[in-house]
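# Structure at a glance
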Amino acid sequence: MSFSSLSHLECSRTGERVDADRVAGTSVAGAPLLARYDLDRVRETVTPQDIAARRPDLWRYHEVLPVRSPEHVVTLGEGMTPLLPTPNFGKHAGVPTLLMKDEGLVPTGSFKARGAAVGVSRAAELGVRGVAMPTNGNAGAAWALYAARAGMKSLIAMPNDAPSITMKECLSAGAELYRVDGLIGDAGKLVAAAVAERGGYQETSTLKEPYRLEGKKTMGYEIAEQLGWRMPDVILYPTGGGVGIIGIYKALLEMQELGWIGDKLPRLVAVQAEGCAPIVDAFARGARESEPPAEARTIAFGITVPKALGDFLVLDAVYATDGTAIAVSDEQLLAAQRTLTELDGTFICPEGAACFAALEQLREGGQVAEGDEVVVLNTGAGIKYPETVELDVPMLGRTEPIPAPISG
Ligand SMILES: *Cc1c(COP(=O)(O)O)cnc(C)c1O
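These lines cover the structure that appears in this document, whether it is placed above or below. (Residues numbered from 1 in each chain as written. Predicted model: local features only at pLDDT ≥ 70, side-chain atom pairs only at ≥ 80, totals over all residues. Heavy atoms only, no water.)

## Structural notes on empty space enclosed by the protein
Counted under the stated rule, the structure contains 1 cavity of 30 Å³ or more. If you add up the space inside the largest cavity, you get close to 40 Å³. What lines the largest cavity is Val 23, Ala 24, Arg 122, Ala 123, Leu 126, Val 128, Gln 202, Glu 209, Pro 210 and Tyr 211. By residue class, the composition of the lining of the largest cavity is 7 nonpolar, 1 polar and 2 charged. (1 Å grid on protein atoms, 1.4 Å probe; cavity = no way out; pocket = protein on both sides within 12 Å on 5 of 7 lines; lining within 4 Å. Points joined across faces, edges and corners; volume = space filled by probe spheres on them. Nonpolar A, V, L, I, M, F, W, Y, C, P; charged D, E, K, R; others polar.)

Put into structure tokens, the structure is as follows:
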């Protein structure tokens, strides 16, 4: 039995087959490449019971990951995050069976570690010596740190508005880091030009290499495994480039083909911020591709992606599962962040909070029922975003007594 059952890459638009054992970007059609596995072989050689006995990290699904040899695995211990009940927010929102997949607990404090672990491992296996990418912050931080672990160079460019902690993570990792006076798309053009000019780097922008998606799809495998190999009714995901939601959908289809889960698929919900909601607009028009908004701004910085290369794949996932796409305001998502923290004691990132705010709206609109079992993806730790909380705290003089409690 081999470590990986990777068989080939496939163009997500044309189905064209591409050799998986050479460094690959996008297809000739310019579309994302999807990793395909010999699932018949996986079905014959491994069972969910075998997986249950493995180490609690994402490499427990190694047969459906692209890294061929265990020596090439670059890991910081990512994966198998808690599927944590948040019953008090659930009651508050009228959805008592509410679970949060908490990606704030992975190395680097965001789920981007999953994509970086698998992407960097596979790049190292294929002989890549340097990775280069634009980012809204978390992906750059994760790739810089995993690249450091792999002894690889990293070249990262991010909008000046990206969370400063993510810049500091890149610097600590020894990355070559640039801030760009613009959005992620602007950073992407600069990186692509530098890669073409310099050589020696692989461009690892969102969906411009096939393996980041494979790391992120493990969120789908974990949700299934943690629920006893069945699916919830609804999964909400904060959608920027869309890799997470595309990955979860890919995992669902693979698990169905493997016979590890049944016919029922969860409704996948793409959540965006009103300040940048191209997928939501496309969904509202019934379109298969998105149009970039004229302006893009939200405090949920990780989902500020005006035009995603994989927009059509996100929309496919939403349509195919009878899901929906919904936008919330910054005010609503910050309020939900606060409510969740007060009620359930978990301080989450603004992107994850957008999903909790969206859930309140979907419940009010009747698109989510009281009896639904709902999983929300919290994609990062709240402590990476200190600016989301106003520091409104009384200041005491050195000998000034703490005031009596306000009665009532
Ligand atoms: C990148 C990011 C997202 C969006 O992820 P995609 O899978 O690219 O849509 C959501 N939340 C956080 C915290 C992120 O860093």
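## Notes on the pattern of salt bridges
Taken as a whole, this structure holds 26 salt bridges when the rule is applied. With its nearest N and O atoms 3.2 Å apart, the salt bridge here joins Asp 57 to Arg 55. According to the relative accessible area criterion, Asp 57 is buried, its value standing at 6%. Residue class for Arg 55 comes out exposed when judged on its relative accessible area of 59%. For the salt bridge of Glu 125 with Arg 122, the shortest nitrogen-to-oxygen distance reads 2.6 Å. Of the two residues, Glu 125 and Arg 122 are both situated in helix α4 (residues 112–125); the distance of 3 residues between them amounts to about one turn of the helix. Connected via shared salt-bridge partners are Asp 21, Arg 68, Arg 122 and Glu 125. (Salt bridge = Lys/Arg side-chain N within 4 Å of Asp/Glu carboxyl O. Buried < 20%, exposed > 50% of the residue type's maximum accessible area, 1.4 Å probe, protein only. Helix = DSSP H or I, 4+ residues; strand = E, 2+ residues; numbered from the N terminus.)

## Overview of helix α10 (residues 278–285)
Among all positions in α10, only Pro 278, Ile 279, Val 280 and Ala 282 are buried. Each element contacted by the buried residues of α10 is listed here: β11 (267–273), α11 (311–320) and β12 (324–328). The positive-phi residue at the C-terminal boundary of α10 is Gly 286, with phi of around 70°. (Contact = heavy atoms within 4.5 Å.)

## Points about the site of the ligand
Around the ligand lies a shell of 18 residues, among which Lys 112, Tyr 237, Gly 240, Gly 242 and Thr 379 are the nearest. Between Gly 244 and the ligand, the recorded distance is 2.8 Å, taken from a backbone N or O atom to an oxygen atom. Between the ligand and the protein, one listed contact pairs a nitrogen atom with a side-chain N or O atom of Thr 379 at 2.7 Å. Alone, the ligand offers 390 Å² of accessible surface; in the complex the protein occludes 96% of this. Most atoms of the ligand, that is more than half of them, are within 2 Å of grid points of the largest pocket. Elements with a contribution of two residues or more to the shell around the ligand: β10 (234–238) and α9 (243–258). Its residues assigned to classes, the shell around the ligand comprises 7 nonpolar, 8 polar and 3 charged. (Near = heavy atom within 4 Å. Polar contact = N/O pair within 3.5 Å; in protein donor to acceptor, adjacent residues only side chain to side chain. Areas by Shrake-Rupley, 256 points an atom, 1.4 Å probe, with all protein chains shown as cover. Sits in = over half its atoms within 2 Å of the grid points.)

## A word on the nonpolar core
In terms of nonpolar packing, the biggest core is built from 90 residues, with Met 255 and Trp 260 touching the most fellow members. A total of 9 residues in this core trace back to one element, the largest contributor, which is α9. With sequence-adjacent residues up to four places away left out, Met 255 is seen in contact with Gly 220, Tyr 221, Ala 224, Trp 229, Met 231, Trp 260 and Ile 261. (Core = buried A, V, L, I, M, F, W, Y, C linked by side-chain atoms within 4.5 Å.)

## Considering the layout of surface pockets
Of the volumes computed, that of the largest pocket is approximately 780 Å³. Lining the largest pocket are 46 residues, and of these Ile 184, Thr 206, Gly 241, Val 305 and Lys 307 lie nearest its centre. Elements with a minimum of two residues in the lining of the largest pocket: α5 (138–150), α7 (184–198), α8 (211–226), β10 and α9. Broken down by element, the residue count for the lining of the largest pocket peaks at 5 residues, all from α7. Residue composition of the lining of the largest pocket, by class: 17 nonpolar, 17 polar and 12 charged.

Interpretation note: all reported values are geometric properties and have no functional meaning in isolation.
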